[in-house]
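# Geometric and topological summary
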Amino acid sequence: MKTHPHFKKTLLCAVIGAVFAPHSVTAAPLSFSTLPPGQMAIPPTPNVVLSVDNSGSMGSAVGGGDAKSKMFRLKEALTNVFNDTALLPRWEDSTGLASHVEQQR
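Residues numbered from 1 in each chain as written. Predicted model: local features only at pLDDT ≥ 70, side-chain atom pairs only at ≥ 80, totals over all residues. Heavy atoms only, no water.

Of regular secondary structure, the protein possesses three helices and two strands. Starting at the N terminus and walking to the C terminus, you meet the elements of the protein as α-β-β-α-α. Residue burial in the protein is summarised as follows: out of 105 residues, 7% are buried. A fraction of 22% describes how many contacts in the protein between residues 6 or more apart in sequence connect residues 24 or more apart. Accessible area for the protein stands at about 9400 Å²; split by element, carbon and sulfur atoms hold 63% of it. (Helix = DSSP H or I, 4+ residues; strand = E, 2+ residues; numbered from the N terminus. Buried < 20%, exposed > 50% of the residue type's maximum accessible area, 1.4 Å probe, protein only. Contact = heavy atoms within 4.5 Å. Areas by Shrake-Rupley, 256 points an atom, 1.4 Å probe, with all protein chains shown as cover.)

See the structure below:
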């Protein structure tokens, strides 16, 4: 049986290419956006550590005519601060719309 001459050349080129070609081929890494759709920037995530004194002295009255304990007043103040949306940073998305917190006002 006779082989076609182009087959021999093709086979020879394939073998040479396999021998001299790099053995590991990888694609360039893709960069995907980590932002929500339609936004150019994400507001920073709060990074807060809160340390509260719970010693016996916090159970005593504040004084000055206030009969409530120091711990009660501290909890009251922290609740007011963390529930006040006016203290949150204002940011806008790429469309110019204010954040969800700002829209609730």
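Let's pick the thread back up.
Below, the discussion takes up the packing of aromatic side chains. Evaluation of the coordinates by the stated rule reveals zero aromatic pairs. Cation over ring: Lys68 sits above Phe72, and NZ or CZ is 4.7 Å from the ring centre. (Phe/Tyr/Trp six-rings, centres within 6.5 Å; stacked < 30°, edge-to-face > 60°. Lys NZ or Arg CZ within 6 Å of the ring centre and 35° of its normal.)

A word on the pairing of strand E2 (residues 66–69). Pairing of strand E1 (residues 61–63) with E2, which is carried by two bridges, proceeds in the antiparallel orientation. From the neighbouring strand, Ala61 faces E2, where its bridge partner is Ser69. Between E1 and the antiparallel strand that follows it, E2, lie two residues; Gly64 among them carries a positive phi value of about 70 degrees. (Pairing = 2+ DSSP bridges.)

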